[in-house]
Amino acid sequence: MGNTILEVKNLKKYFKSPRGMVHAVDGVQFSIERGQTLGVVGESGCGKSTLGRCVLRLIEPTEGEVFFEGRDICKLKKREIKELRKEMQIIFQDPFSSLNPRKTVLEIISEPIVFNKLMPGASRAQIENRVLELMDTVGIAERLINAYPHELDGGRRQRIGIARALAMNPKFIVCDEPVSALDVSIQAQILNLLKKLQKEMGLTYMFITHDLSVVHYFSNDIIVMYLGQVVEKAPSDVLFKNPLHPYTRALLSSILVPKVGGNQDTIQLRGEVTSPIDPPDECRFAKRCDYRCETCEGSNPPLVEVEENHFVACHCVKPGENLLKKSGAVSAS
Amino acid sequence: MSRGQTETIVSRKEGHSATLASRKYKKKSAFLESWNRLRTNPGAMFGLIVIILMVLLMVYSFMFITEEDVMAINSANRFKPPSAAHPFGTDSMGRDLFMRTVYGTRYSLAVGFFSVAFGLVVGVFFGTLAGYFGGWVEEIIMRVSDVMASIPGMLLGMVIVAVLGPSFLNLLIAIGVSNISGFIRMSRASILSVKGSEFVEAARAIGMSEFRIAFSQVLPNSVSPLIVTATARIATSVLAAAGLSFIGFGVPVPLPEWGALISDGRNYLGRAPHLTLFPGIFIMLTTFACSLLGDGLRDALDPKLKQ
Ligand SMILES: Nc1ncnc2c1ncn2[C@@H]1O[C@H](COP(=O)(O)OP(=O)(O)OP(=O)(O)O)[C@@H](O)[C@H]1O
Ligand SMILES: [Mg+2]
């Protein structure tokens, strides 16, 4: 446990809305080991980005604690947060809005260095050399140093976003769907780049995505989110071999490659999505779940460890017994 | 883990700094691109040329026309029609109208420039605060701005001049104040359109303060619409100044402000129409030129808008 870099405890973020409180993140708990990757999966609107921003304290959590290297960052003062920014960075989803259209590549990448005085006393040339080095690290040609973002394609823009984050020398990076806006071929390049950087610099990632196939390749652990809550948490391999929560199964079945002659059906999710606005105390997935019973509508299931390191929040899955198997659920192995 | 920057810098050859990469590769100039688009717009070029001519006339007047030249009364020379000696004729006191009109350029251009600059600086400051910070800051700023916008500019100008007394400086202030609310709304709107961008969040993630983000990251993205608005406001300001002077709320009477010249000439419309005609043409040319240039700039600065 001594090597835990980030630990999140009972994190909540509610947004005010005209119709009530939006429970964007509702009691999330996890930890990440140094140098590892935590995958965060879930459908659109389930609170992944909000979680990522709370963890960096880009927005103020409503409740809960976030320990980064042992310090609760929710209690830090303004000046201390500024120091913290050097340790934790973020890479964004949309490479078209994540770069300021008025700034050149040089300005974008050097801004974190200049603003935070990361190279005290350095000349312009030295800072520029550092920028060139970062550009080289992320695979951007030197000749693009004076280009504006609109002159570049999505993949290159994303690389510049990565270089900007690296300029701070962070230890921990939240990757908020860094490849969802890119072509498949470019996705692979960016993923490989991120992986290479992790290996070379010992980075820790929190990797947000709605695409399970991407995290499988990338993550050590995965948490599956549904309407602001974690419904399943397991090491990547375990989750793919033995998904227990009905929602995880549905997600997984949608990415499995159909085998010739196999009778692999995808699980269709039907039914209305529970509103994240002041949700009642029941299983939030119940309305779309094929296995729901009275208990499911009675209370919201807690996250329990059903086997080693494998946590599930489902009334029908308990340590040693799995009611879903009995009811003839699709095996996803 | 070698993540100290200092080591990495040392590892690069010092000699490398002699040729900065940023010098080696040309920056695509946004200004040049816009200029190339503007150049092909005949209306905008006409406007630009007229404005340049006006500025040259003003410079000329500063160098060669004294206040005495335009104020000296010559009763032998009253109401002369345009001629070689007096290209625009003479007025009711025998003063050369060409000299007076050219001398008056400084007032209109000064009003156009300073009152718009004043409205721009004040309006953009508050508009940016309102748009970026929202909440009660926005509420207060926008309510005040709405009240200001709901009073007709002329009326607001008259009130301000009535309170402060008629002088050229007060005329500048009056028109400057009436320019503020337009810029508040303009800058607030364009701030709103970019403030949710991820690059704003990226700036936050490197530790920038909200105030700094608003003015150094977000505001520069609304430069184009502001230039367009400013150019258009110059036209209305010149017109408003002439209007206020016409009714005696502007530049004090004997000084040859264009509106004052027309006001003076309207008493002799039948006898000496040139007294109103020439200053009128100057007012029209200036405002028309600014409007044309403003329209041209809108297309040149933001080609996406045209479609
Ligand atoms: N600033 C905000 N004010 C009010 N509600 C918000 C705000 N930000 C997010 N929400 C709400 O919180 C919920 C979670 O949003 P979030 O952006 O975290 O989802 P997400 O999982 O990242 O989705 P996506 O995959 O589309 O990016 C949504 O219901 C959203 O409407
Ligand atoms: Mg998101």
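What counts and how
- Residues numbered from 1 in each chain as written.
- Chains lettered and ligands numbered in written order.
- Predicted model: local features only at pLDDT ≥ 70, side-chain atom pairs only at ≥ 80, totals over all residues.
- Heavy atoms only, no water.
- Helix = DSSP H or I, 4+ residues; strand = E, 2+ residues; numbered from the N terminus.
- Rg over C-alpha atoms; globule rule 2.2 N^0.38 Å.
- Contact = heavy atoms within 4.5 Å.
- Areas by Shrake-Rupley, 256 points an atom, 1.4 Å probe, with all protein chains shown as cover.
- Lys, Arg positive; Asp, Glu negative; His and termini not counted.
- Charge placed at Lys NZ, Arg CZ, Asp CG, Glu CD.
- Pairing = 2+ DSSP bridges.
- Axes fitted to C-alpha atoms, helices over the stretch in contact; angles between N-to-C directions.
- Parallel < 35°, antiparallel > 145°, perpendicular 65-115°, else oblique.
- Left-handed = near helix turned anticlockwise from the far one by under 90°.
- Nonpolar A, V, L, I, M, F, W, Y, C, P; charged D, E, K, R; others polar.
- Buried < 20%, exposed > 50% of the residue type's maximum accessible area, 1.4 Å probe, protein only.
- pLDDT = per-residue confidence, 0-100.
- Domains from an automatic or database assignment.
- Buried area = accessible area lost by both parts, 1.4 Å probe.
- Salt bridge = Lys/Arg side-chain N within 4 Å of Asp/Glu carboxyl O.

**Describing the overall build of chain B**
- Within chain B, the regular secondary structure consists of 15 helices and zero strands.
- At 25 Å, chain B has a C-alpha radius of gyration far larger than the 19 Å of a compact globule built from 307 residues.
- Structurally, chain B occupies a C-alpha span of about 95 × 50 × 40 Å along its principal axes.
- At a minimum sequence separation of 6, the contacts of chain B that also span at least 24 residues come to 73%.
- Carbon and sulfur atoms make up 68% of the accessible area of chain B, which totals about 15300 Å².
- Each charge sign in chain B was given a centre, from 27 positive and 19 negative side chains, and these centres are 6 Å apart.

**Examining the sheet that holds strand 4 (residues 63-68) of chain A**
All names here are of chain A.
- Read from one edge to the other, the open sheet built from four strands follows the order 2-1-4-5, with strand pairing classed as antiparallel. Looking at the sheet topology across the chains shown, the edges are occupied by strand 2 (20-33) and strand 5 (71-72).
- For strand 1 (residues 4-17) and strand 4, the ladder comprises five bridges, and the chain directions are antiparallel. Residue Val8 lies in a different strand from strand 4, and its bridge partner there is Val66.

**Notes on the packing of helix 10 (residues 198-205) of chain B against helix 11 (residues 210-218) of chain B**
Residues and elements named next belong to chain B.
- At a minimum axis distance of 10 Å, the contact between helix 10 and helix 11 shows a crossing angle of 135°. As the angle between them shows, helix 10 and helix 11 are arranged oblique. The two elements helix 10 and helix 11 cross, and the hand of that crossing is right-handed. Between helix 10, through Phe199, Val200, Ala203 and Arg204, and helix 11, the contact on the second element is made entirely by Glu210, Ile213, Gln217 and Val218.
- Split by residue class, the contact of helix 10 with helix 11 holds five nonpolar, one polar and two charged.

**Notes on unusual backbone geometry**
- Within the chain, A:Glu69 stands out as a residue other than glycine whose phi angle is a positive 50°.
- Within the secondary structure layout, A:Glu69 lies in the loop between strand 4 and strand 5.
- Using a relative accessible area of 32% as the deciding quantity, one classes A:Glu69 as partly exposed.
- Here the phi dihedral of B:Phe79 falls at roughly 50°; this positive angle occurs in a residue that is not glycine.
- By the secondary structure assignment, B:Phe79 is in the loop between helix 5 (67-71) and helix 6 (97-133).

**Examining the environment of A:Val55**
- Inspection of the secondary structure puts A:Val55 in helix 1 (residues 48-55).
- Setting aside anything within four residues of it in sequence, one finds A:Val55 in contact with A:Leu6, A:Val8, A:Leu11, A:Phe30, A:Val66, A:Ile73, A:Met88, A:Phe172 and A:Met206.

**Side note on the confidence of the model for chain B**
- Confidence along chain B averages 86 in pLDDT terms, with 92% of residues attaining 70 or more.
- As a predicted assembly, this complex carries a pTM of 0.83 together with an ipTM value of 0.86.

**Comments concerning the domain arrangement of chain B**
All names here are of chain B.
- Structurally, chain B comprises domain 1 (1-40) and domain 2 (46-306).
- One C-alpha centre belongs to domain 1, the other to domain 2; they are set 40 Å apart.
- On the domain 2 side, the residues contacting the four residues of domain 1 number eight residues.
- When domain 1 packs against domain 2, the two sides together hide about 410 Å² of surface, and 76% of this comes from carbon and sulfur.

**What about the packing of helix 4 (residues 42-64) of chain B against helix 6 of chain B?**
Residues and elements named next belong to chain B.
- One way to put it is that helix 4 packs onto helix 6 with a least axis distance of 8 Å and a crossing angle of 120°. One finds that helix 4 runs oblique with respect to helix 6. Crossing geometry of helix 4 relative to helix 6 is assigned as left-handed. Of the residues in helix 6, those touching helix 4 at Met54, Val55, Leu57, Met58, Tyr60, Ser61 and Phe62 are Val102, Tyr103, Thr105, Arg106 and Leu109.
- Tallied by class, residues from the contact of helix 4 with helix 6 come to nine nonpolar, two polar and one charged.

**Let's talk about the interface of chain B and chain A**
- Listed per partner, the contact involves 34 residues of chain B and 47 residues of chain A.
- Carbon and sulfur atoms make up 53% of the surface buried where chain B meets chain A, a total of about 3700 Å² over both sides.
- Inspection of the chain B/chain A interface yields one salt bridge.
- In this structure, the salt-bridge partner of B:Glu201 is A:Arg53, at a minimum N-O distance of 2.6 Å.

**Considering the sheet that holds strand 11 (residues 304-307) of chain A**
All names here are of chain A.
- In space, the eight strands of this open sheet follow the order 6-7-8-3-9-10-12-11, with mixed pairing throughout. Two strands bound the open sheet, and with one partner strand each, they are strand 6 (88-91) and strand 11. For this sheet the average axis-to-axis angle between neighbouring strands, irrespective of direction, equals 20°.
- By the bridge criterion, six bridges tie strand 9 (residues 221-226) to strand 10 (residues 229-235) in an arrangement that is antiparallel. Across the sheet, the residue bridging to Tyr226 is Gln229, located in strand 10.
- Lying over the sheet, helix 1 contacts strand 3 (37-41), strand 6, strand 7 (172-176), strand 8 (204-209) and strand 9, oriented at roughly 155° with respect to strand 8.

**Considerations on the pattern of salt bridges**
All names here are of chain A.
- Counted under the stated rule, the structure contains 23 salt bridges over all chains.
- The salt bridge involving Glu43 is made with Arg288; its shortest N-O contact spans 2.9 Å. Placement of Glu43 in the loop between strand 3 and helix 1 and of Arg288 in the loop between helix 9 (246-253) and helix 10 (294-298) is noted, with a sequence separation of 245 residues between them.
- Among the ionic contacts, a cluster of salt bridges with common partners joins Arg34, Glu69, Glu87 and Lys171.

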